Amino acid sequence: MKPLTLLIEILIILGVTIKNIEAEKFNKRQKETNVTTQVSVNEVKQYLSHILERRRSRKVINKRENLLGKKKKQHKLKMKGIQNKDFLKRNKNHLKEQEKKNFTDEGDVLFNMGTKILQESKSQKQKAEAYMLFAKAADMGNLKAMEKMADALLFGNFGMQNITAAIQLYESLAKEGSYKAQNALGFLSSYGIGMEYDQAKALIYYTFGSAGGSMMSQMILGYRYLSGINVLQNCEVALNHYKKVADYIADNLEKSEGIPVEKVRLTERPENLSSNSEILDWDIYQYYKFLAERGDVQIQVSLGQLHLIGRKGLDQDYYKALYYFLKAAKAGSANAMAFIGKMYLEGNAAAPQNNATAFKYFSMAASKGNAIGLHGLGLLYFYGKGVPVNYAEALKYFQKAAEKGWPNAQFQLGFMYYSGSGVWKDYKLAFKYFYLASQSGQPLAIYYLAQMYATGTGVLRSCRTAVELYKGVCELGHWAEKFLTAYFAYKDGDIDSSLVQYALLAEMGYEVAQSNSAFILESKKAKILEKEKMYPMALLLWNRAAIQGNAFARVKIGDYHYYGYGTKKDYETAATHYSIAADKYQSAQAMFNLAYMYEHGLGIAKDIHLARRLYDMAAQTSPDAHIPVFFALMKLETMHLLRDILFFNFTLQWKWMKLDNVLGPYWDLFVIGLIVVMLIFLIKNRHR
């Protein structure tokens, strides 16, 4: 316990050093959740003093008890003999076990209290209080609390990131058999973060983690076997790993919908991360609230939906959701009526479960032809909630809702035909409805499609298709919430915390996380990896993202080989990647880069005509390419003209082919600059 106590004390001290500037930034983002301040420095210091004093007192008492026990033991042995010695030993062991049990029970109570606060908390202060309880429970030897604190140290919760302390704590936990610790150590080994870069060791940790029950380790191994990362590519093994995770996810999903997590691409908005459609900006949210209060029904329903499931960076708040739905329903919104029915059907703090109320609101929405209301009535009849089970009625309502394109109703129809609930089993019809629902992202429809492809039920068996579908379901796990915390950490300037979270998701096979991790590494702002390791690691991640269909990542790989970032310069390889991005993804940037290489004969045969064509294609593909293409073509035509003049008139006087030696390797940039100056001069003279 001594090293553990030291780590906990380090953790608490680190919590005190949270910068005020970070707290102010977080408060600005969380105004509507009444964020105040984090746990005060004095409070943490008092708790720290209490912990240290308690542990000092405990050591002194234990020492005195041991000395007293020895004296008593010697005296008793002299007086009563060896039998009394055995009795005292048994009695002492019993007392120790009882004390240990009480200590463990107290730790469990504190951990459960912290977990409850964390689940129900909305403010940063409440969450910090939960972690204080975890720290106390961890000090009492609670393994789950130790895992929580190790994660806090690794991911930088509340600004207390300390990779070294996290590793020590994880190693201690791994010896106790913690699968979460084994997964974390595997992740750190795979990137070389705070540990030696060792893929073999990482694979061992992941294997033990998956055997212990870690869903993250299962998912990582599934991705590795799917892609052949440090293991032989094996679709069947990947299928086995992904299926276990998908089964776990499916058991926790409702049969109506799943909640996707917003995944912000840092590559698309490096300058202004607030301007994106995935996260709702604070000012825009305030504007929407203003419109909702003014009676905008559509905005009321939208805000109700966002608060109902906690989307676009907003906290889940059933009271706010019900408030906006009721306002919209009063104005006659069928969607709002249907969502109120949904809330009462499922039950929550704001709308306790009530089948009769759910039926009332679903009926009101259905009478207006609303697909969500029709689907809700179908659910009530299918499961017999408040009404007798009636598969015929359920089928009728599901069909009406499905005809209107509601994916959850399409899934329910597929499920009825797949399971034979109230209808004859028909795998072809089941596949049809599952496929229709999957096109809208319905997670359980995707799951059942994967089941059908994995077993060859109703379709030709396809391991690869099944794995890809299972992978999509697995990516809906609770771990995807790190996309939001990683994004906010990056936005607040906590680059190391953001990188660690994105890197873990990247290891699990998330393409967006792979490109985001590579983007952060490329910026060289992170401090948890050595500078010379950043480009090679970024190249590895760009490559993994490119394999999963990211066109931007494919262009980046070409850039890395062109300039020699993290690898040797290789124009041929660069041209190959640019060609893939241009042909497969119609990337304007790749077309432009490839045109430049054809113009100068870099890694490929020189071809002026093909260069012109690619420049033109880049301009046609993207409006942003018009100006660069204009200057590139001006330079190309000018140099082509000069080349012809020099070839015919000054061949003996001017060695054209040695321009690189005379003017340097970037002489063409000087020519572009000269053209720009000439154009400006001509435009000015024209205006005069």
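For the structure itself, look to the data block above.
Anyway, here's the lowdown on the structure attached to this text. Predicted model, so just to flag it, every value in this text is computed and none were measured.

**Some words on the overall build of the protein**
Move 1: Counting secondary structure elements, the protein contains 33 helices and 0 strands.
Move 2: Taking all 688 residues of the protein together, the buried fraction comes to 47%.
Move 3: Across the protein, every contact between residues at least 6 apart in sequence was considered, and the portion connecting residues at least 24 apart equals 54%.
Move 4: Of the roughly 35,900 Å² that the protein leaves accessible, carbon and sulfur atoms contribute 55%.

**Let's talk about the pattern of salt bridges**
Pairing between side chains of opposite charge can happen when their charged atoms approach one another.
Move 1: Scanning all chains against the criterion turns up 11 salt bridges.
Move 2: Across the salt bridge formed by Arg 224 and Glu 507, the nearest N and O atoms sit 2.7 Å from each other. A residue pair is termed long-range when its members are at least 10 positions apart, and Arg 224 in helix 10 (residues 215–227) and Glu 507 in helix 24 (residues 495–507) qualify at 283 residues. As far as the burial class goes, Arg 224 and Glu 507 line up, both buried.
Move 3: A salt bridge links Lys 471 to Glu 475; the nearest nitrogen and oxygen atoms lie 2.7 Å apart.
Move 4: According to the relative accessible area criterion, Lys 471 is buried, its value standing at 6%.

**Here's the deal with the packing of helix 11 (residues 235–252) against helix 21 (residues 443–455)**
Move 1: Interaxial distance between helix 11 and helix 21 falls to 11 Å at its minimum, and their mutual angle equals 145 degrees. Between helix 11 and helix 21 lies a crossing of left-handed hand. When helix 11 is examined against helix 21, the residues Leu 239, Lys 243, Ala 246, Asp 247 and Ala 250 are found in contact with a partner set consisting of Leu 444, Tyr 447, Gln 451 and Ala 454.
Move 2: In terms of residue class, the contact of helix 11 with helix 21 is built from 6 nonpolar, 1 polar and 2 charged.

**Quick look at the packing of aromatic side chains**
Move 1: Taken as a whole and judged by the stated rule, the model has 36 aromatic pairs.
Move 2: Where Tyr 381 meets Tyr 397, the ring centres are 6.0 Å apart and the plane angle is 10 degrees; that geometry is what we call stacked. Here Tyr 397 lies in helix 18 (residues 391–403) and Tyr 381 lies in helix 17 (residues 371–383), a separation of 16 residues in the sequence.
Move 3: Taking the centre distance of 6.2 Å and the plane angle of 10 degrees together, the rings of Tyr 417 and Tyr 433 count as stacked. Separated by 16 residues along the polypeptide, Tyr 417 in helix 19 (residues 407–419) and Tyr 433 in helix 20 (residues 427–438) bring together distant segments of the chain.
Move 4: Judged by relative accessible area, Tyr 417 falls into the buried class, the value being 13%.
Move 5: Note on Tyr 433: relative accessible area 15%, which makes it buried.
Move 6: Taken together, Phe 382, Tyr 383, Tyr 391, Phe 398, Phe 411, Phe 415, Tyr 418, Tyr 427, Phe 434, Tyr 447, Tyr 448 and Tyr 470 form an aromatic cluster joined through their ring pairs.

**Structural notes on the packing of helix 14 (residues 318–330) against helix 15 (residues 334–346)**
Move 1: Look at helix 14 against helix 15: their axes get within 8 Å of each other, and the N-to-C directions meet at 145 degrees. Handedness of the helix 14/helix 15 crossing: left-handed. Where helix 14 approaches helix 15, its residues Tyr 318, Ala 321, Leu 322, Phe 325, Leu 326, Ala 328 and Ala 329 are matched on the opposing element by Ala 336, Met 337, Phe 339, Ile 340, Met 343 and Tyr 344.
Move 2: Considered class by class, the residues forming the contact of helix 14 with helix 15 number 13 nonpolar, no polar and no charged.

**Side note on the state of the cysteines**
Move 1: Evaluation of the coordinates by the stated rule reveals 1 disulfide.
Move 2: Each sulfur of the disulfide joining Cys 235 and Cys 463 lies 2.1 Å from the other. Because the torsion about its S-S bond is -110 degrees, the bridge between Cys 235 and Cys 463 counts as left-handed. Of this pair, Cys 235 sits in helix 11 while Cys 463 sits in helix 22 (residues 463–474); the two residues are 228 residues apart in sequence, bridging distant segments of the chain.
Move 3: Relative accessible area serves as the criterion here: at 24%, Cys 235 is assigned to the partly exposed category.

About the cut-offs
- Residues numbered from 1 in each chain as written.
- Predicted model: local features only at pLDDT ≥ 70, side-chain atom pairs only at ≥ 80, totals over all residues.
- Heavy atoms only, no water.
- Helix = DSSP H or I, 4+ residues; strand = E, 2+ residues; numbered from the N terminus.
- Buried < 20%, exposed > 50% of the residue type's maximum accessible area, 1.4 Å probe, protein only.
- Contact = heavy atoms within 4.5 Å.
- Areas by Shrake-Rupley, 256 points an atom, 1.4 Å probe, with all protein chains shown as cover.
- Salt bridge = Lys/Arg side-chain N within 4 Å of Asp/Glu carboxyl O.
- Axes fitted to C-alpha atoms, helices over the stretch in contact; angles between N-to-C directions.
- Left-handed = near helix turned anticlockwise from the far one by under 90°.
- Nonpolar A, V, L, I, M, F, W, Y, C, P; charged D, E, K, R; others polar.
- Phe/Tyr/Trp six-rings, centres within 6.5 Å; stacked < 30°, edge-to-face > 60°.
- Disulfide = S-S within 2.5 Å.

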